[in-house]
Amino acid sequence: PGKAMSGSGYKALILVGGFGTRLRPLTLSLPKPIVPFANMPTVEHQIRALVAAGVDHVVLAVNYRAETMTEAMSNLAEELNIKISFSKEEEPLGTAGPIKLAEGILGQSDMFFVLNSDVICEFPFDKLIEKHTSHGKEGTIFVTKVKEPSKYGVVITDSDGKIERFVEKPQVFVGNRINAGLYIFNKAILDRISLRPTSIENEIFPTMASSDNLYALDLDGFWMDVGQPPDYLKGVNMYLNALNSTKDKRLAKQPEDGEYEIKGPCLIDSTATIAPGCVIGPNVVIGPNVQVGTGCRLQHCSFFEGSKVKSNAWVNDTIVGWNSTVGAWTRLEGVTVLGEDVNVKDELHLNGARVLPHKTIKASVPEPAIIM
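A brief report on the enclosed structure follows. Predicted model only: the values in this text are computed from it and were never measured.

1. Here's the deal with the overall build of the chain
Here's step 1: Of regular secondary structure, the chain possesses 8 helices and 30 strands.
Here's step 2: Over its C-alpha trace the chain gives a radius of gyration of 22 Å, about what one expects of a compact globule, namely 21 Å for 372 residues.
Here's step 3: Its C-alpha atoms give the chain principal-axis dimensions of roughly 65 × 50 × 40 Å.
Here's step 4: The burial tally for the chain puts 55% of its 372 residues in the buried class.
Here's step 5: Contacts in the chain between residues far apart in sequence, at least 24 positions, make up 49% of those at least 6 positions apart.
Here's step 6: Carbon and sulfur atoms make up 49% of the accessible area of the chain, which totals about 16100 Å².

Right, dumping it as structure tokens:
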């Protein structure tokens, strides 16, 4: 921490953008960066990893009033002994404009990071710094291998990682590496960007590549853009499996009295209560002050703070929002998402339901639907 506060650390920009419509109904209660992911605000995973890599000032680029985030972020800044500031766009500036808007801060260090706020991975930023300093050019981006490259823009590099070109949604196979949304740049890149709506992917990167100024580095481990519910749940599974592979101490252990059973990697907050006879896991996250009733079967799901599950519920592939209640003998599945303070009555079946905050559900939802 001593080094960080001397102002000699790296700077970083996190592209937060809008309120997070793709993650509704959760983002109707909180902006996306502070929606919990594995019992920690999503953006906090990124900020902690940046600080571990030597960042002392993080800028959050937003295009809405960020009052809802300021308290959480000032507490985190104090805890980590860093600065966190907000850079508000008066008009949406795309993915490159916000870099120019925050030039005053980002230009204070020779190199700075830029991150897409929805990305979850193991954030090996030390490797990115090492690769970047080894070639001395303007930028280095993490790339990740995907199974279906035709849905993305594919990155074509030479054997040293120098990017030759980008191919948008290729119909024939040209490669399987895509932009992972995590970058490091020299401050020289600031001269390439003007203060107007600009896409870093479509406008800035191709010109950098054409002058041999952009390199790629393979990202080890998992990667997921968790900006919408199905991918959020996949991302939690990947994150918990990564913790499991390193035998992380934070993972839930079997209860000594054997009153309930844990199957596979789970995170259970110490303030949560779990009644006897439950089977929990794999890939379950149980947040602060959550109450789980007797005989529940939970898998691939996340329960936010203060939520409650009554006895003998069967919950799979579901996100249960803050202070919501899941009734007894219910069955929730198919990427069901309950917003804040939703009450699902007993003995109902919800399949792919997206329920807006403060609703009471008294009838089953057998097919995917948005419940207003």
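2. Here we look at the packing of aromatic side chains
Here's step 1: This structure, assessed with the given rule, holds 11 aromatic pairs.
Here's step 2: On the basis of an interplanar angle of 65° and a centroid distance of 5.9 Å, the ring pair of Phe112 and Phe185 is categorised as edge-to-face. Note that Phe112 is positioned in strand E6 (residues 111–116) and Phe185 in strand E11 (residues 177–186), a separation of 73 residues in sequence. Each member of the pair, Phe112 as well as Phe185, carries the same accessibility label: buried.
Here's step 3: Summarising the aromatic geometry, the rings of Tyr183 and Phe185 are spaced 5.7 Å apart at their centres and angled 40° between planes, so their arrangement reads as tilted. Neither Tyr183 nor Phe185 differs from the other in exposure class; each is buried.
Here's step 4: Chaining the aromatic ring pairs together yields one cluster made of Phe112, Phe166, Tyr183, Phe185 and Phe205.
Here's step 5: Between Arg331 and the ring centre of Trp314, over which it is positioned, the NZ or CZ distance is 3.8 Å.

3. Re the pairing of E11
Here's step 1: Where burial is concerned, most of E11 is hidden: 9 out of the 10 residues are buried.
Here's step 2: Relative to E11, E6 runs antiparallel, the two being bridged by 5 bridges. Looking across to E11, one finds that Val114 is bridged to Tyr183.
Here's step 3: When strand E8 (residues 139–145) meets E11, the two strands line up antiparallel, connected through 6 bridges. Looking across to E11, one finds that Thr144 is bridged to Ile178.

4. Structural notes on helix H3 (residues 67–80)
Here's step 1: Here H3 spans 20 Å end to end across 14 residues, near enough to the 20 Å set by a 1.5 Å rise per residue.
Here's step 2: Of all the positions in H3, only Met69, Met73, Leu76, Ala77 and Leu80 are classed as buried.
Here's step 3: Close packing links the buried residues of H3 with helix H2 (42–52), strand E4 (55–62) and strand E5 (83–88).
Here's step 4: Among the residues trailing H3, Asn81 stands out with phi positive, at a value near 60°.

5. Some thoughts on the state of the cysteines
Here's step 1: Per the counting criterion, the structure on display carries 0 disulfides.
Here's step 2: In this structure Cys301 is not part of a disulfide, and its nearest cysteine sulfur, from Cys266, lies 8.3 Å away.
Here's step 3: Accessibility expressed as a relative area gives 1% for Cys301, which makes it buried.

6. As for the sheet that holds strand E16 (residues 273–274)
Here's step 1: Sheet architecture is open: 6 strands sit in the order E16-E19-E21-E23-E26-E29, paired in parallel fashion. The sheet is open, and its two edges are formed by E16 and strand E29 (360–361), each paired on a single side.
Here's step 2: The sheet contact formed by strand E19 (residues 291–292) and strand E21 (residues 308–309) spans 2 bridges and is parallel. Among the inter-strand pairings, Val292 is bridged to a residue of E21, identified as Val309.

7. Remarks on the pattern of salt bridges
Here's step 1: Scanning the entire structure with this criterion turns up 18 salt bridges.
Here's step 2: Between Arg196 and Glu203 there is a salt bridge whose closest N-O contact spans 3.6 Å.
Here's step 3: For Arg196, a relative accessible area of 41% puts it in the partly exposed group.
Here's step 4: A relative accessible area of 34% places Glu203 in the partly exposed class.

8. Some details on the packing of H2 against H3
Here's step 1: Where H2 contacts H3, the axes come no closer than 12 Å and their chain directions differ by 25°. Accordingly, the angle class assigned to the pair H2 and H3 is roughly parallel. Every pair of crossing elements has a handedness; the one defined by H2 and H3 is right-handed. Residue-level inspection shows Val43, Glu44, Ile47, Arg48 and Val51 of H2 in contact with H3, the latter providing Met73, Leu76, Glu79 and Leu80.
Here's step 2: When grouped by side-chain class, the residues that make up the contact of H2 with H3 number 6 nonpolar, no polar and 3 charged.

9. Observations concerning the side chain of Asp231
Here's step 1: One can find Asp231 in helix H8 (residues 229–245).
Here's step 2: When neighbours within four sequence positions are excluded, Asp231 is seen to be in contact with Met224, Asp225 and Val226.

10. Here we look at the nonpolar core
In a soluble, globular protein the nonpolar side chains are often hidden away together inside.
Here's step 1: If you look at the biggest cluster of nonpolar residues, it comprises 40 residues, and the most contacted ones within it are Ile47, Phe113 and Phe125.
Here's step 2: Of all the elements in the fold, those that place two or more residues in this core are strand E1 (10–17), H2, E4, H3, E6, strand E7 (119–121), helix H6 (125–135) and E11.
Here's step 3: By residue number, the principal contributor to this core is H3, which donates 5 residues.
Here's step 4: When neighbours within four sequence positions are excluded, Phe113 is seen to be in contact with Tyr10, Lys11, Ala12, Leu13, Leu50, Val55, Phe125, Leu128, Ile129, Tyr183 and Ile184.

11. Description of the environment of Asp56
Here's step 1: Position of Asp56 relative to the elements: it lies in strand E4.
Here's step 2: Along the backbone, Asp56 and Gly9 are 47 residues apart, and their C-alpha atoms lie at a distance of 5.1 Å.
Here's step 3: At 2.7 Å, the side chain of Asp56 and the side chain of Lys11 are in polar contact.

Rules and cut-offs
- Residues numbered from 1 in each chain as written.
- Predicted model: local features only at pLDDT ≥ 70, side-chain atom pairs only at ≥ 80, totals over all residues.
- Heavy atoms only, no water.
- Helix = DSSP H or I, 4+ residues; strand = E, 2+ residues; numbered from the N terminus.
- Rg over C-alpha atoms; globule rule 2.2 N^0.38 Å.
- Buried < 20%, exposed > 50% of the residue type's maximum accessible area, 1.4 Å probe, protein only.
- Contact = heavy atoms within 4.5 Å.
- Areas by Shrake-Rupley, 256 points an atom, 1.4 Å probe, with all protein chains shown as cover.
- Phe/Tyr/Trp six-rings, centres within 6.5 Å; stacked < 30°, edge-to-face > 60°.
- Lys NZ or Arg CZ within 6 Å of the ring centre and 35° of its normal.
- Pairing = 2+ DSSP bridges.
- Expected span 1.5 Å × (residues − 1).
- Disulfide = S-S within 2.5 Å.
- Salt bridge = Lys/Arg side-chain N within 4 Å of Asp/Glu carboxyl O.
- Axes fitted to C-alpha atoms, helices over the stretch in contact; angles between N-to-C directions.
- Parallel < 35°, antiparallel > 145°, perpendicular 65-115°, else oblique.
- Left-handed = near helix turned anticlockwise from the far one by under 90°.
- Nonpolar A, V, L, I, M, F, W, Y, C, P; charged D, E, K, R; others polar.
- Core = buried A, V, L, I, M, F, W, Y, C linked by side-chain atoms within 4.5 Å.
- Polar contact = N/O pair within 3.5 Å; in protein donor to acceptor, adjacent residues only side chain to side chain.

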